[in-house]
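A closer look at the structure
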Amino acid sequence: MRAGETSAANAIETALERATEIEDLHAFLSLREERARREAAEVDRRIAAGDGSALPLAGVPVAVKDNIAVAGGPTTCGSRLLEPYVSPFDATAIARLREAGAIVIGKTNLDEFAMGSSTENSAFGPSRNPHDPTRVPGGSSGGSVVAVATGCVPVALGSETGGSVRQPAAFCGTVGVKPTYGRVSRYGLVAFGSSLDQIGTVGTTVEDAALALSVIAGSDPHDATSAPEPVGDLSAGLDDTDPAGIRIGWPAEYFGEGLDPAILAACEAARDRLAEAGAEIVEVSLPHSPYGIAVYYTVAIAEASSNLARYDGVRYGLRAQSSELSSMYLKTRAAFGAELKRRIMLGTYVLSAGYYDAFYGKGTAVRARIRADFEAAFERVDAILTPTTPTPAFPIGEKAEDPLAMYLNDIYTVSANLAGIPAISLPWGRTPARPDRPALPIGIQLMGPDFAERRLFEIARFLEREAPSA
Ligand code: GLN
């Protein structure tokens, strides 16, 4: 675009057309047609004026999960509660995308307030997997991943509390990144579990996801938990990586019961490719990771029950009509979906006097052990290789009535959030076709120590070149 081979206007028109073609997959909740066109014209003017080199993402169409604020438009969070809400400001990540010349074309579907693993909890209906529309795309950032997987946009923003970027990336065959806690400002990301939440990037390629992360990362006075560590260039020269001497951890705990054999085989093939290229494969132990689901679904719901208290009909979004205050609260909050109500009740319970120590207190103690396991492992290895999910994409409806089955899908992703470390999912071929299911994308995961995003991208880029074509 900066070389003048195409224009921002053209790129945005193509993306908007594609968004209409894929309407049946329900990736988007809203499109910003007119604003995106105006912004594209402005980017084209700047390129013509010789300003292009200041715009690393000049005219790049981007899709944004609808729990990240984009000024002047909706941020529904997939919820009836925020359906009428209009964002008064840009999230810091959005402001940084704009400064880089990127153009937000629309807001994408998600599980209500990012709580779910399939987008079936969206108040506006599920998204569908482009590889098999009868299956879920994963969640909660399902819409953002579908927008990338269908070629509508090269990059998108999602959010991660327990795997919500990596899991749908694995289900749809894209790259998905969960940065170190604090790497990206949470200002303008609607809070779910504040000690876990991070904005992450989805990309067609490792390089695209890395470039987008370079743009949005870095400290921000609006978020006291954003980290001061310098970001550096996360995407240049990734091709030059030589895996010789890199130490890759292989944790037995991640390859046990319940793992689809095709996904196990994919991880083994990736491991063997690294070993053939000179990487050292080291068995590591993460003994507390099997408790990850129990800990995550204690800590995350406790924080969620607290964060969701603000949706009381007074300050944001929906207000039910009532002549009396307490019934206005009740009627407004009745608009939360079933999964939200479950989490608010259970989250309040685990924080309540008399149960706090046994549940929330125990959860945070085991969380510290999970983190300590990783710290010990990263004394010996540079990165850890695991599956992203135990199974490929499941049929819409299969787990909708069984919360525990849905939660178990997050078994390999939640530990990185609990530990605060960075992780990436990248595609590695497909499952073989079976009578009951077509060939479906497989995701493999790399986890690294705090702020080792660059190293993860280097290894991921090597694997991306080696991966069987999807
Ligand atoms: N599936 C997990 C949950 O429902 C993770 C969601 C997320 O990362 N936002 O809590």
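Here the residue numbering is sequential within each chain, running from 1 through the sequence in written order. Residue-level local features of this predicted model are given only where pLDDT is at least 70; pairs of side-chain atoms are given and counted only at 80 or more, and the full residue set underlies all totals for whole chains, interfaces and linings. Processing note: side-chain calculations cover all non-hydrogen atoms of the structure and skip hydrogens and water entirely.

Strands here are runs of E lasting at least two residues and helices are runs of H or I lasting at least four, both read from the DSSP assignment and numbered beginning at the N terminus. Counting its secondary structure elements, the protein chain contains 14 helices and eleven strands. As defined in this context, the radius of gyration uses C-alpha atoms, and a globule is described by 2.2 Å times the residue total to the power 0.38. The C-alpha atoms of the protein chain give 21 Å as radius of gyration, which agrees with the globular expectation for 470 residues (23 Å, within 12%). Oriented by its inertia axes, the alpha-carbon framework of the protein chain measures out at about 70 × 65 × 50 Å. Methods summary: accessible areas were calculated by the Shrake-Rupley approach with a probe of 1.4 Å, and residue burial reflects only the protein chains presented. Put simply, the protein chain shows about 17,500 Å² of open surface, and 53% of that area lies on carbon and sulfur atoms. As used throughout, the charge tally considers Lys and Arg to be positive and Asp and Glu to be negative, leaving His and the chain termini uncounted. Here the site of a charge means NZ on Lys, CZ on Arg, CG on Asp, or CD on Glu. A distance of 4 Å separates the average location of the 43 positive side-chain charges in the protein chain from that of its 58 negative side-chain charges.

With that settled, the discussion passes to the pattern of salt bridges. Put simply, a salt bridge is a Lys or Arg side-chain nitrogen that is within 4 Å of an Asp or Glu carboxyl oxygen. In total, this model carries 30 salt bridges according to the counting rule given. Ionic pairing is found between Glu375 and Arg371, a salt bridge with its closest N-O pair at 2.8 Å. One end of the pair, Glu375, and the other, Arg371, are both in helix 11 (residues 357-377), four residues apart, so they sit about a helical turn from each other. Burial classification: accessible surface area is computed with a 1.4 Å probe over protein chains only, and a residue below 20% of its type maximum counts as buried, one above 50% as exposed, and the rest as partly exposed. A relative accessible area of 24% places Arg371 in the partly exposed class. With a closest N to O distance of 2.9 Å, Arg434 and Asp436 form a salt bridge. Beyond isolated ion pairs, a larger network of salt bridges with shared partners links Arg247, Asp382, Arg454, Arg455 and Glu458.

As a matter of local geometry, the ligand sits amid 15 residues, with Thr161, Gly162, Ser164, Tyr296 and Asp410 nearest to it. Within 3.5 Å is the distance limit for a polar contact, defined as a pair of N or O atoms, with the added protein rule that one can donate a hydrogen and the other accept it, and that residues adjacent in sequence qualify only through two side-chain atoms. One of the side-chain nitrogen or oxygen atoms of Ser164 is found 2.7 Å away from a nitrogen atom of the ligand. For the ligand, whose accessible area on its own is 290 Å², the fraction buried by protein is 100%. Buried and open spaces are told apart on a 1 Å grid over the protein atoms alone, a cavity being a set of points where a 1.4 Å probe fits but cannot get out and a pocket being an open set with protein on both sides within 12 Å along at least five of seven lines. Residues with an atom within 4 Å of a point are the lining residues. In this scheme, a molecule is assigned to a cavity or pocket if more than half of its atoms are within 2 Å of the grid points. In a pocket analysis with a 2 Å cut-off to the grid points, the ligand is assigned to the largest cavity. In this count, Pro and Cys sit with the nonpolar residues alongside Ala, Val, Leu, Ile, Met, Phe, Trp and Tyr, while Asp, Glu, Lys and Arg are called charged and the others, Gly among them, polar. Residues that form the shell around the ligand fall into these classes: five nonpolar, seven polar and three charged. Definition of nearness: a residue and a molecule or strand are near each other if at least one heavy atom of the residue lies within 4 Å of the molecule or strand.

Each aromatic ring pair is described using two quantities: the centre-to-centre distance and the angle formed by the ring planes. The criterion for an aromatic pair is that two Phe, Tyr or Trp rings (for Trp, the six-membered ring) have centres within 6.5 Å, with stacked assigned to planes under 30 degrees apart, edge-to-face to planes over 60 apart and tilted to the rest. In total, this model carries 15 aromatic pairs according to the counting rule given. Between Trp250 and Phe255 the ring centres are 4.0 Å apart and the planes differ by 10 degrees, which places this aromatic pair in the stacked class. When its relative accessible area of 10% is taken as the criterion, Trp250 is described as buried. Aromatic pair Tyr311 and Tyr316: ring centres 5.8 Å apart, planes at 50 degrees, arrangement tilted. Classification of Tyr311 by relative accessible area gives buried; the value is 5%. Exposure remark for Tyr316: the relative accessible area of 30% places this residue in the partly exposed category.

So, about the packing of helix 8 (residues 292-307) against helix 11. Between the N-to-C directions of two axes lies an angle of 0 to 180 degrees, each axis being a line fitted to C-alpha atoms and, for a helix, fitted only over the stretch in contact. Axis separation between helix 8 and helix 11 bottoms out at 9 Å; the angle between their running directions is 125 degrees. Classified by the angle between their axes, helix 8 and helix 11 sit oblique to one another. Regarding helix 8 and helix 11, the two cross each other, and that crossing is left-handed. Contact residues: helix 8 offers Gly292, Val295, Thr298, Val299, Ala302 and Glu303, while helix 11 offers Phe359, Tyr360, Gly363, Thr364, Val366, Arg367 and Ile370. Of the residues belonging to the contact of helix 8 with helix 11, the class tally is seven nonpolar, four polar and two charged. For this classification, under 35 degrees means roughly parallel, over 145 means roughly antiparallel, 65 to 115 means roughly perpendicular, and everything else is oblique. The hand of a helix crossing depends on one turn: near helix anticlockwise from the far one by less than a right angle means left-handed, and clockwise means right-handed. Any two residues having at least one pair of non-hydrogen atoms within 4.5 Å are treated as being in contact.

Position of Asp111 among the secondary structure elements: in the loop between strand 3 (103-108) and helix 4 (142-149). Comment: no salt bridge for buried Asp111; closest opposite-charge side chain is Lys65, at 7.2 Å. A distance of 3.5 Å separates a polar atom in the side chain of Asp111 from the backbone nitrogen of Ser117. Side-chain polar atoms of Asp111 contact the backbone nitrogen of Asn121, separated by 2.9 Å. Setting aside chain neighbours within four positions, we find Asp111 in contact with Cys77, Gly116, Ser117, Ser118, Thr119, Glu120, Asn121, Ser122, Gly139 and Ser140.

The general pattern is negative phi for most residues beyond glycine and trans for most peptide bonds. Residue Ser140 is reached from Gly139 by a cis peptide bond, and omega for that bond is 10 degrees. Among the structural elements, Ser140 can be located in the loop between strand 3 and helix 4. Backbone geometry at Thr119 places phi at a positive 65 degrees, although glycine is not the residue there. We note that Phe451 has phi near 65 degrees; this positive angle belongs to a residue other than glycine. For Phe451, a relative accessible area of 28% gives the class partly exposed.

With respect to the helices and strands, His26 occurs in the loop between helix 1 (8-21) and strand 1 (28-31). Here the alpha-carbon distance between His26 and Ser127, two residues 101 residues apart in the chain, equals 4.7 Å. Those residues in contact with His26 that lie beyond four places of it in its chain are Asn109, Phe124, Gly125, Pro126 and Ser127.

Grid points are joined across faces, edges and corners, and a volume is the space filled by probe spheres set on the points. Overall, the coordinates contain one cavity of 30 Å³ or more when judged by the stated rule. A per-class count over the lining of the largest cavity returns four nonpolar, six polar and two charged.

Let us now look at the nonpolar core. Working definition of a nonpolar core: buried Ala, Val, Leu, Ile, Met, Phe, Trp, Tyr and Cys residues. They are joined through side-chain atoms within 4.5 Å. Counting 107 residues, the largest nonpolar core has Phe113, Phe374 and Leu463 as its most contacted members. Of all the elements, helix 8 adds the most residues to this core, at eight residues. In this view, Leu463 contacts Ala270, Leu274, Leu426, Trp428, Ile444 and Leu446; residues no more than four positions away in its chain are not counted. Counting 28 residues, the second largest nonpolar core, distinct from the first, contains Val43, Ala58, Ile103 and Ile105.

Right, let's talk about a nonpolar patch on the surface for a bit. A residue counts toward a patch only above 30% relative accessible area and without a salt bridge, and it is joined to like-charged neighbours within 9 Å or, for Val, Leu, Ile, Met, Phe, Trp and Tyr, to nonpolar neighbours within 5 Å. Where nonpolar side chains cluster on the molecular surface, the patch consists of Val314, Leu325 and Tyr329 and spans about 260 Å² of accessible area. Here Tyr329 shows up in helix 9 (residues 325-333).

The next thing to look at is the environment of Pro287. With respect to the secondary-structure elements, Pro287 resides in the loop between strand 8 (280-284) and helix 8. Sequence-wise, Pro287 and Thr150 are 137 residues apart; in three dimensions their C-alpha atoms are separated by 38 Å.

Taken as a whole, the largest pocket encloses approximately 380 Å³ of empty space. In terms of lining residues, the largest pocket is bounded by 17 residues, among which Phe89, Gly188, Leu189, Val190 and Arg310 are the most central. Looking at the lining of the largest pocket residue by residue, the classes come out as ten nonpolar, three polar and four charged.

What is shown is where atoms sit, not what they do.
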